[in-house]
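What the coordinates show
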Amino acid sequence: MTDALYYARRYPLGVIGALILIVFVLTAIFAGVVAPMDPLTTNARASLAPPSHIYWIGADMMGRDMLSRMIHGARISLAVALGATCIGSGLGAMLGLASGYLGGWFDLIVQRIAEIMQSLPLLVMALVITASLGPSLTNTIIAIAIPLIPNVARVIRANVLSLRELNYVEAARAIGMGRTRIALVHIFPNTLAPLIVLATAQLGSTILTEASLSFLGLGVPEPYPSWGRMLSESAAEYIHSAPWLVIFPGLAISMVVFGANLFGDALRDILDPRQGD
Amino acid sequence: MKRSGFLLAVVCLLGLGHAALAQKQGSTLRVTHRDNPPSASILEEATISTDMPFMAVFNNLVVFDPASPVNRLDKVVPDLATSWAWSDNDRTLTFKLHQGVKWHDGKPFTSADVKCTWDMLTGKVQGKLRKNPRKTWWFNIKDVATDGDDTVIFHLYDPQPSIMAMFAGGFSPVYPCHVPANEMRTHPIGTGPFKFESFKQNESIRLVRNPDYWKPGKPYLDAIEYTIIPNRSTMVLAMAAGKFDLSFTADLTPELTKSLMEQVPTMQCVMQPTGTQGNLLVNRERPPFDNAQIRKAMVLSIDRKAFSDILSQGVFQVGGANMPPPEGFWGWSKEYMETVPGYGADVEKSREQGRAIMKSLGYGPDHMLQLKVTTRNIPDYRDAAVILIDHLKSVYIQAELEPLDSSVWYARLIRKDFSVAMNIQGTGIDDPDVQFFENFLCDSQRNYTSYCNADLEKEFHRQSQMKDIDARRKLVWDIDKTLQEDGARPVVFHAQAGTCWWPRVHGINIARNTIYNHWRFEDVWLDQ
Amino acid sequence: MIQYTLRRLGLMAITLFGVSVAIFVLLRIVPGNIADILFDSAGMIDPAEKQQIVKDLGLDLPLITQYTHWIGGLLHGDLGYSYVSEKPVLDEILPRIPITARLAGLALMFAICTGVPFGVISAVRQNSWLDYALRVVSLAALSMPSFWLGLLVLMAFVDWLGLLPIYDKAPATWGAAILMYCVPAASVGLRSSALIMRLTRSSMLEVLRQDYVRTARSKGLSEAAVTFTHALRNAMLPVITVIGIETAFLFGGLIVTETVFNIPGIARFLVVAISWRDYPMVQNLVMFIAIVVVSVNLIVDLAYMLVDPRIRLRT
């Protein structure tokens, strides 16, 4: 507890970030309770209704309450952010660990594949993947996760390489510990800190990638209220007559990504001081 | 020299009579374009993206009177044909052609070019066109013959007054015989007022004045330049800023049109039916939709007015397969529509009936029928499908959206690999022959729901041969009613959209009942 | 150094080969082909006509044959024809490259010109309100969806300044030309600028703590001299790295920026080509981008080695 207070005082920006994230996660979990209306029910009479006491931040073209859609949209963004980050970081960490520790041919192949993936622009890869898998929430998550893998794998690999040379690992090897055991007991725990830092940094960018995919007509399909989809396409056309359609989802995305970035920064300073200042 | 020029101008002015302003020669007309046309070959495409920009390169045999705001059979006037005559009990149609017309590459235009064009369109000459989307339009042509360079004769199987409408449509230009089809896709050659100059993919299309145009003194513009702007918000900003003179036809939703007119009070805008309709495709071969009762319940759940209010602030119209009046000529009158089931004003009552049907089949609030609504993954389709899904809930149907990439959409429809689909389809001409033969013949390629009614098909042919327009319209109404009652392809809305231009553009006359014609630009000029 | 460069060039060749296989296979996995798309605009499919198109374009050949045709042509400088425009791919790509290159170059320039000075200020004034403000602003810049930002910027220019900074082939005035390049460049470069600022700041802080800076300071050199002659030069290293990383990233931002500002460059073009299943166009464009990315990475690494000799030991 005192630790928490200490960190809170030292990293005020981090606290703000954490608060934003907490509000975001709670909104997502309790969307069904918090949202004043059903996010999918259309209402012809409320089409493009401006903000009022009924529709706090207005209604969209289909007369659906924007506030309720934004609240439910938090779920989609959370699912995309968590899903893609976990899959991407998880697979990346595994590959990085294996290639760093095993070295040799395996390392060489993983390195080349990572380099190939990094030479293809991220958005283009996500574009091709969603196009082949078809638009759905799961497929969007996969499409965003795959391009994350090489980056994570490289960082973890570099970390493992430096750990491998450390004295206690050599000692473990000397006393005849198995390779898998060394990797899991001595090396893996030591890569956790950079992994967490990296994963937090990616939380925000996955949400942004989803938004860009939606802008290009891919991403999470209707009628799911994804923030990215909400502010692209037809909504963007109404920027003059119904600016609330464009401004609020954009603000929501920016706020959450901002929160994740603030929190990630603070976390990096705490867990892995070498990477930051 | 000066004096004769002056005299000439005076004579021109007098000749024009009522024209208040003299047409000014020169200037480039800048037009927005909604997307990249698949090719420059009008005969091979069925999209306005190709039709509008390239129509000015060509001429037709006949056209809908450019001065008339309606495209109708009695408004057909000569273009490349100077006159035409029916004979042999209306089974032979003879066109006399203009002489001395030259293609843009200098070769003379003759009757052989006309024959050649329709031999390709009817499929008599194979392998020239890569695709031929309007083959069904010309099913009635037995053969085409020439008589010297200036006469061409069409022999028909049956009398068909509407064939004149098809000849007059923007989709039926005359192609040069001597230019290979692939060249027509990349560098079209025509006889029209403008010559093709360039087509840069995803960027721009540029046509320049044809100085040797066979209609003396025309056209007035030096060039027409289309800039492709797929992002509609950017397009509206650019239009409002005056970067363009004319917006792509029917590219502005009713809401955007309103907003643009508010931003620029002098902007000239026309709202017109786009010839596209939203309709419901139900796969009647796949259970449980082979049950006519379920299909009926689905139709009863639809609130057509809500579609129109949401998608267009109430501008979209309700009707049967044919375009509704006042713009459309063949659609039901208001009074007639009242007699068609499912078109009543009381939606709640219809939905009550729908729920009763579903209950009798064992469905209810706790046991909803689960299904997927398939649609194309582009906004217009998706928006309509989302509303449909919401309406289906009212008759115990729980639907999920299945958005399909454009590349697989038609392939899936033709394979009949769907249960329920939200479809939007366009029709090039406001004409019952086009509508019925394209979509509802038992073996038509576009008959996605495999609706097949042999008795009705006889009626299609019967109306097609009728010369009395009013009697024909009555029959068309009845046919349309049967189609809707049978749930062949329940029509949900008829779309409308806006086209806008700055007041400096003169001579634009937009047809009220089609977006596909009137884009020859030979009378258009800019005052700047 | 030479040996290292040769080794890297060898690896580059392997990577590019991998990219070519990857994009070739990925494109074939994506459902639908050009024939489907062509009929899409016609609202129908005639199986016989479709079959003919597939045959004419050689899409019915075995994949291996298709691949060797492509690579064989590529090595001879023959990129084939676009399925859509039926023009040589090279003619389609070449005029578009300078447009995107100019945009990307301006964006990077903007990023460096704003990112480096603000990073230095932020580091020198560590923990001041200015530092906090700059850090928050840079994080905020990293948090906004680029197309949203682009749209808002475009709106702001139109509504408040009465200017429209969208692409114009022949801009009327110099002002218009500058505007139409700089506004999109700034809105796409903002992200990189924020990244560079953050990195400059952290590496500056690290350098400022080092012994030789302390020595310089104790020798009585002025604060400004210390900052600029010693610290900044060393802090430049990570900036070079960011440029390398950002080349690949920038492309994603370019796609949406080119769409919002209607710029006819290769980024938006690539997206359209993917949706058209225009295989020759997509394959060759992706190869081109990969070559750029890989070369930039190599140049960055070499530059890094020249600037900082310690790196050599690590390779």
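Residues numbered from 1 in each chain as written. Chains lettered and ligands numbered in written order. Predicted model: local features only at pLDDT ≥ 70, side-chain atom pairs only at ≥ 80, totals over all residues. Heavy atoms only, no water.

A word on the state of the cysteines
All names here are of chain B. Evaluated as defined, the whole model comprises 3 disulfides over all chains. Between Cys116 and Cys177 runs a disulfide, and the two sulfur atoms are separated by 2.1 Å. Taking the sign of the S-S torsion, about 85° here, the bridge from Cys116 to Cys177 comes out right-handed. In this pair, Cys116 is assigned in helix H3 (residues 111–121) and Cys177 in the loop between helix H4 (163–168) and helix H5 (181–186), connecting sequence segments 61 residues apart. On the basis of relative accessibility, which here comes to 16%, the residue Cys116 falls in the buried class. Cys177 sits in the partly exposed class, given a relative accessible area of 31%. Covalently, Cys442 is tied to Cys452 through a disulfide, its sulfur atoms 1.9 Å apart. Taking the sign of the S-S torsion, 90° for the link of Cys442 and Cys452, the bridge is right-handed. One end of the pair, Cys442, is in the loop between helix H14 (432–439) and helix H15 (454–465); the other, Cys452, is in the loop between H14 and H15, and 10 residues separate them in sequence. (Disulfide = S-S within 2.5 Å. Helix = DSSP H or I, 4+ residues; strand = E, 2+ residues; numbered from the N terminus. Buried < 20%, exposed > 50% of the residue type's maximum accessible area, 1.4 Å probe, protein only.)

Comments concerning the interface of chain B and chain C
Many authors give the size of an interface as the accessible area that is lost as the parts come together. Listed per partner, the contact involves 42 residues of chain B and 42 residues of chain C. For the pair chain B and chain C, the two sides together bury roughly 3,600 Å², of which 54% comes from carbon and sulfur. The three residues of chain B that bury the most area against chain C are Arg130, Gln201 and Leu237 of chain B, which together make up 20% of that side's buried surface. There are 7 salt bridges connecting chain B and chain C. (Contact = heavy atoms within 4.5 Å. Buried area = accessible area lost by both parts, 1.4 Å probe. Salt bridge = Lys/Arg side-chain N within 4 Å of Asp/Glu carboxyl O.)

Details of unusual backbone geometry
Residue and element names in this part refer to chain B. Residues Lys218 and Pro219 are joined by a peptide bond in cis, for which omega reads -5°. The linkage connecting Pro287 with the following residue, Pro288, adopts the cis geometry, with an omega of 0°. For Pro288, the position within the fold is in the loop between strand E11 (268–282) and helix H8 (292–301). Even without being a glycine, His518 presents a positive backbone phi close to 65°. Structurally, His518 can be placed in the loop between strand E16 (505–506) and strand E17 (525–526).

Focus on the sheet that holds strand E14 (residues 420–426) of chain B
Residues and elements named next belong to chain B. With respect to topology, 5 strands assemble into an open sheet ordered E13-E12-E14-E11-E15, the strand pairing being mixed. Edge positions in the sheet fall to strand E13 (397–404) and strand E15 (491–501), since each of these pairs with one other strand and no more. Averaged over all adjacent pairs, the angle separating strand axes in this sheet is 30°, with direction ignored. In terms of strand pairing, strand E12 (residues 369–376) meets E13 through 8 bridges, oriented parallel. Counted as the bridge partner of Arg376 is Leu404 from E13. (Pairing = 2+ DSSP bridges. Axes fitted to C-alpha atoms, helices over the stretch in contact; angles between N-to-C directions.)

A look at the interface of chain C and chain A
The partner chain A presents 40 residues to the 45 residues of chain C that form the contact. Surface buried jointly by chain C and chain A totals about 3,800 Å² across both partners, of which 76% is contributed by carbon and sulfur atoms. There are 1 salt bridge connecting chain C and chain A. Salt-bridge contacts for Arg198 of chain C lead to Asp265 of chain A; the nearest nitrogen and oxygen are separated by 2.8 Å. The interface formed by chain C and chain A holds 5 residue pairs in polar contact (both at pLDDT 80 or more) in total. Taken together, the residues of the side of chain C that touches chain A break down into 35 nonpolar, 6 polar and 4 charged. (Polar contact = N/O pair within 3.5 Å; in protein donor to acceptor, adjacent residues only side chain to side chain. Nonpolar A, V, L, I, M, F, W, Y, C, P; charged D, E, K, R; others polar.)

Structural notes on the domain arrangement of chain C
Entries for chain C in the domain assignment read domain 1 (2–81) and domain 2 (97–264). For domain 1 of chain C and domain 2 of chain C, the distance between their C-alpha centroids amounts to 37 Å. (Domains from an automatic or database assignment.)

Some details on the sheet that holds strand E5 (residues 92–97) of chain B
Strand pairing in a sheet is mediated by backbone hydrogen bonds. Such pairs are either parallel or antiparallel. Residue and element names in this part refer to chain B. Sheet architecture is open: 4 strands sit in the order E4-E5-E7-E6, paired in antiparallel fashion. The open sheet is flanked by strand E4 (81–87) and strand E6 (141–146), the only strands paired with a single partner. If you compare each strand with its neighbour and ignore which way they point, the axes differ by 15° on average. Where E5 lies against strand E7 (residues 151–156), 5 bridges are found, and the strand directions are antiparallel.

What to know about the pairing of E4 of chain B
All names here are of chain B. Sheet topology note: the E4/E5 ladder contains 6 bridges and is antiparallel. If you follow Ser87 over to E5, its bridge partner there is Thr92. Here E4 folds back onto E5, and the loop between the two strands holds 4 residues, one of which, Asp88, carries a positive phi near 55°.

Remarks on the packing of aromatic side chains
All names here are of chain B. All chains considered together, the criterion is met by 33 aromatic pairs over all chains. Aromatic ring contacts, followed pair by pair, group Phe95, Trp118, Trp137, Trp138, Phe154 and Phe167 into a single cluster. Stacked on the ring of Trp137, the Lys or Arg Arg134 has its end atom at 5.7 Å from the ring centre. (Phe/Tyr/Trp six-rings, centres within 6.5 Å; stacked < 30°, edge-to-face > 60°. Lys NZ or Arg CZ within 6 Å of the ring centre and 35° of its normal.)

Some words on the nonpolar core
By size, the foremost hydrophobic cluster in this structure holds 199 residues, and its most contacted members are Trp227 and Leu245 of chain A, Phe307, Val373 and Phe493 of chain B together with Phe251 and Leu270 of chain C. Broken down by element, the residue count for this core peaks at 13 residues, all from helix H13 (residues 279–307) of chain C. Looking at which domains feed residues into this core, each of domain 1 (2–81) and domain 2 (97–264) of chain C supplies at least three. Grouped together as the second largest cluster of nonpolar side chains are 74 residues, Ala56, Leu156, Val174 and Ile508 of chain B included. (Core = buried A, V, L, I, M, F, W, Y, C linked by side-chain atoms within 4.5 Å.)

A short note on the pattern of salt bridges
Taken as a whole, this structure holds 50 salt bridges over all chains when the rule is applied. The residue Arg355 of chain B makes a salt bridge to Glu352 of chain B at a minimum N-O spacing of 3.1 Å. You can see Arg355 of chain B and its partner Glu352 of chain B sitting in helix H11 (residues 347–360), 3 residues apart, about one turn around the helix. For Arg355 of chain B, a relative accessible area of 16% translates into the label buried. In this structure, the salt-bridge partner of Arg96 of chain C is Glu92 of chain C, at a minimum N-O distance of 3.1 Å. The burial state of Arg96 of chain C is the same as that of Glu92 of chain C; both residues are buried.

Section: helix H8 (residues 149–164) of chain A
Residue and element names in this part refer to chain A. For H8, built from 16 residues, the straight-helix expectation of 22 Å at 1.5 Å per residue is met to within 8% by its first-to-last C-alpha distance of 22 Å. Every buried residue belonging to H8 is among Ile149, Pro150, Val152, Ala153, Ile156, Arg157, Asn159, Val160 and Leu163, and all of these are buried. In this structure, the buried residues of H8 make contact with helix H4 (66–102), helix H5 (104–119), helix H7 (137–145), helix H9 (167–174) and helix H10 (179–215). (Expected span 1.5 Å × (residues − 1).)

Examining the pairing of strand E9 (residues 204–209) of chain B
All names here are of chain B. Pairing of strand E8 (residues 194–200) with E9 involves 6 bridges; the strand directions are antiparallel. Of the residues in E9, the one forming a bridge with Lys195 is Val208. Where E8 folds back on E9, the antiparallel hairpin that results is connected by 3 residues, among which Asn202 adopts a positive phi of roughly 60°.

Side note on the packing of helix H1 (residues 2–29) of chain C against helix H4 (residues 63–75) of chain C
Residue and element names in this part refer to chain C. Running from N to C, H1 and H4 point in directions that differ by 130°, and their axes come no closer than 12 Å. Judged by the inter-axis angle, H1 sits oblique to H4. Seen from above, H1 lies across H4 with right-handed handedness. For the pair formed by H1 and H4, the contact residues are Phe17, Ser20, Val21, Ile23, Phe24 and Arg28 on the first element and Leu63, Gln66, Tyr67, Trp70 and Ile71 on the second. Of the residues belonging to the contact of H1 with H4, the class tally is 8 nonpolar, 2 polar and 1 charged. (Parallel < 35°, antiparallel > 145°, perpendicular 65-115°, else oblique. Left-handed = near helix turned anticlockwise from the far one by under 90°.)

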